[in-house]
Amino acid sequence: METKERKERAILVGIDFAKSDYRIEASMQELANLVDAAGAEVMALTTQARERRDSATYIGSGKVAEVAALVEAYEADMVVFNGELSGSQTRNLEALIGVKIVDRTNLILDIFAGRANTKEGMLQVQLAQLKYRLPRLVGYSDYLSRQGGGIGTRGPGEQKLETDKRHIQRNITHIQNELEKVVGHRETTRKQRLKSSLPIIALVGYTNAGKSTIMNGILTHSGETKTVEAKDMLFATLDTTLRRARLNNNQSILLTDTVGFVSNLPHALVAAFKSTLEEIRFADVILHVVDASNPDLDIQMDTTEAIMRDLEVLNKPIITVYNKVDLASDVDYPVGYTMSNRVYMSAHNPEDIDLLIDLIEDALADKFKKASVFLKFEDLGILDYFASTYDIGDIEYDEKGAHFKVVLTQEDYERYAQYIVK
């Protein structure tokens, strides 16, 4: 009879810093969700009120003894800390507690290592992991060599991490060079995309807010059968997705999804994914998707807005999409309520998707205009430009010329005003 492999068991530890607005309960629950996403089982959570971290053990000797007792009681395989540990802290804690020690940053990097599918995504994660581990070589290589795999050990591999700093630095340089090639290809593709004059709609938001489900809803509404993966878990998708869709006014758009955000997202990871996140900077409209049913909605929105501020995109048209309103117990407006820059909806309801599409059309109105175009036969040379740049739909011919409807950029609307039927 086959035996089911036992999940790694984890004890979660966090610090509640005194005199701060840090919401320890919400942060520890998020850490538990991250551990679950990594494939481990949470056995117990414990927190400690402190004004500052202990330099040697992060939590102090008394709390270390308490955590060690929990590890023994639950037969845990690892302890996960809700913060970033130094190499010496990791070494000291591992020696005192006797099991694998993983911090929040390492945990997130580990999840990303298991989820990246494209060459760019895998290179980005490897780069972030190496940059994270480089300053932690003291004690860290001995720690890794004693571990038998599992959470916190995926990625570049133990052997590379047990070499000297110069070797790791060479690996970092090699990956950066590889990424430059991939990013160069991305930029070439992006330039071609921008020339197409198709509006770009970027979905951003906290991980598991429902971005992929909303993207699928818009694609399905457009009659597209090829959708993206959508799962109810943190960081279900990492790699940027680009799909073509159509609005209610028959205007074609490009939908782009981005990696979900999380509080205290590792700096190394943000830097590594910068080229991917910069897709947001080229968007015409941003859909900020939030989970209206999450009790920590405000914290999640602040986290996303802070990253958008760093990317300097807060000046763009932004539609706040309050998703999962049907699951929320305390929300200001009912499902289906809209105003100029927000919608309260369920991504699984086609009628709500239709409302969102209307808002996207309104947000694009200043940059794109619907037009009926008439070209005389002697002017049909211009038709090639319209056909290659826009979706012009059906063309009707009569004895005088060609008629068609199209959504133009504001610039082309003015440039070809003489051909537009008022």
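Residues numbered from 1 in each chain as written. Predicted model: local features only at pLDDT ≥ 70, side-chain atom pairs only at ≥ 80, totals over all residues. Heavy atoms only, no water.

Some points on the pattern of salt bridges
- Overall, the coordinates contain 11 salt bridges when judged by the stated rule.
- Put simply, Glu8 and Lys100 hold a salt bridge, and the shortest N to O gap is 2.7 Å. One end of the pair, Glu8, is in the segment before β1 (9-17); the other, Lys100, is in strand β4 (residues 100-103), with 92 residues separating them in the sequence. Accessibility assignment for this pair places Glu8 and Lys100 in one class, buried.
- Among the salt bridges present, the one from Arg281 reaches Glu312, with a minimum N-O distance of 3.9 Å. Note that Arg281 is positioned in the loop between α11 (274-277) and β8 (285-291) and Glu312 in the loop between α12 (297-310) and β9 (318-323), a separation of 31 residues in sequence.
- Among the residues examined, Arg281 registers a relative accessible area of 36% and is labelled partly exposed.
- Shared partners join several salt bridges into a network, and the residues in it are Lys119, Glu178 and Lys181. (Salt bridge = Lys/Arg side-chain N within 4 Å of Asp/Glu carboxyl O. Helix = DSSP H or I, 4+ residues; strand = E, 2+ residues; numbered from the N terminus. Buried < 20%, exposed > 50% of the residue type's maximum accessible area, 1.4 Å probe, protein only.)

A word on helix α5 (residues 119-133)
- Across its 15 residues, α5 extends 21 Å between first and last C-alpha, which sits within 8% of the 21 Å expected from 1.5 Å per residue.
- Most of α5 is tucked away: 11 of the 15 residues are buried.
- For α5, every residue scored as buried is listed here: Glu120, Gly121, Leu123, Gln124, Val125, Leu127, Ala128, Gln129, Leu130, Tyr132 and Arg133. (Expected span 1.5 Å × (residues − 1).)

Remarks on the packing of aromatic side chains
- Counted according to the given criterion, the structure contains 7 aromatic pairs.
- Judged by centre distance (4.5 Å) and plane angle (5°), the rings of Tyr322 and Tyr344 are stacked. Pair noted here: Tyr322 is in strand β9 and Tyr344 is in strand β11 (residues 342-344), with a separation of 22 residues, a long-range link.
- Residue classification places Tyr322 among the buried residues on the basis of a relative accessible area of 11%.
- Residue Tyr344 is classed as buried on the basis of its relative accessible area of 2%.
- Through successive ring pairs, a cluster of aromatic residues spans Tyr385, Phe386, Phe404, Tyr416 and Tyr419. (Phe/Tyr/Trp six-rings, centres within 6.5 Å; stacked < 30°, edge-to-face > 60°.)

Remarks on the environment of Gly121
- When you line up the elements, Gly121 lands in helix α5.
- Exposure remark for Gly121: the relative accessible area of 1% places this residue in the buried category.
- In the structure, Gly121 is positioned 58 residues away from Leu179 in sequence and 9.5 Å away in space, judged by C-alpha atoms.

Quick word on a negative patch on the surface
- A cluster of acidic residues, Asp394, Glu396, Asp398 and Glu399, forms a negative patch on the protein surface.
- Examined against the element boundaries, Asp398 turns out to sit in the loop between β13 (396-397) and β14 (401-409).
- Since its relative accessible area comes to 30%, Asp398 is described here as partly exposed. (Patch = residues over 30% accessible without salt bridge, like charges linked within 9 Å, V, L, I, M, F, W, Y side chains within 5 Å. Areas by Shrake-Rupley, 256 points an atom, 1.4 Å probe, with all protein chains shown as cover. Lys, Arg positive; Asp, Glu negative; His and termini not counted. Charge placed at Lys NZ, Arg CZ, Asp CG, Glu CD.)

Comments concerning helix α1 (residues 24-37)
- The end-to-end C-alpha separation of α1 is 20 Å, in line with the 20 Å expected for 14 residues at 1.5 Å each.
- Among the 14 residues that make up α1, 10 are buried, leaving the element largely enclosed by the rest of the structure.
- Following α1 by one or two positions, Gly39 has its phi on the positive side, about 100°.

A short note on the sheet that holds strand β3 (residues 78-81)
- Read across the open sheet, the 4 strands follow the order β2-β1-β3-β4; overall the sheet is parallel. The sheet is open, and its two edges are formed by β2 (41-50) and β4, each paired on a single side. Each adjacent strand pair in this sheet contributes to an overall mean axis angle of 20°, direction not counted.
- Both β1 and β2 contribute to a ladder of 9 bridges, which runs parallel. (Pairing = 2+ DSSP bridges. Axes fitted to C-alpha atoms, helices over the stretch in contact; angles between N-to-C directions.)

Some points on the environment of Tyr74
- Here Tyr74 lies in helix α2 (residues 61-74).
- You can call Tyr74 partly exposed: its relative accessible area is 34%.
- Note: C-alpha distance between Tyr74 and Ala10 (64 residues apart in sequence) is 8.8 Å.
- Discounting residues that sit within four places of it in the chain, Tyr74 has contacts with Arg9, Ile11, Met43 and Ala44. (Contact = heavy atoms within 4.5 Å.)

Considerations on the pairing of strand β7 (residues 252-257)
- Taking burial as the measure, the 6 residues of β7 include 6 buried ones, the bulk of the element.
- The two faces of β7 match: Ser252, Leu254 and Thr256 on one face and Ile253, Leu255 and Asp257 on the other face are all buried.
- Here strand β6 (residues 241-246) runs beside β7; their pairing, made up of 6 bridges, is antiparallel. Pairing of Arg243 across the sheet is with Leu255, part of β7.
- Between β6 and β7, which pair antiparallel and follow one another directly, the connecting turn spans 5 residues, one of which, Asn250, has a positive phi of 75°.

A short note on the sheet that holds β11
- Spatially, 7 strands are ordered β6-β7-β5-β8-β9-β11-β10 in an open sheet, and the strand pairing comes out mixed. The open sheet has two edge strands, β6 and β10 (338-339), and neither has a second partner.
- Bridge count between strand β5 (residues 200-205) and β7: 4 bridges; the pairing is parallel. When the bridges of β7 are listed, Ala202 appears paired with Thr256.
- Relative to the sheet, α12 contacts β5, β8 and β9, its axis offset from that of β8 by approximately 155°.

Some details on the nonpolar core
- By size, the foremost hydrophobic cluster in this structure holds 38 residues, and its most contacted members are Leu12, Val35, Val80, Leu107, Ile280 and Ile286.
- For this core, the secondary-structure elements that each account for two or more residues are β1, α1, β3, α4 (104-115), β5 and α12.
- Examining the composition of this core, we find that 7 residues originate from one element, α1, more than from any other.
- In this structure, Ala209, Val228, Val289 and Ile360 belong to the second largest nonpolar core, which totals 28 residues. (Core = buried A, V, L, I, M, F, W, Y, C linked by side-chain atoms within 4.5 Å.)

Worth remembering: the numbers are spatial, not functional.
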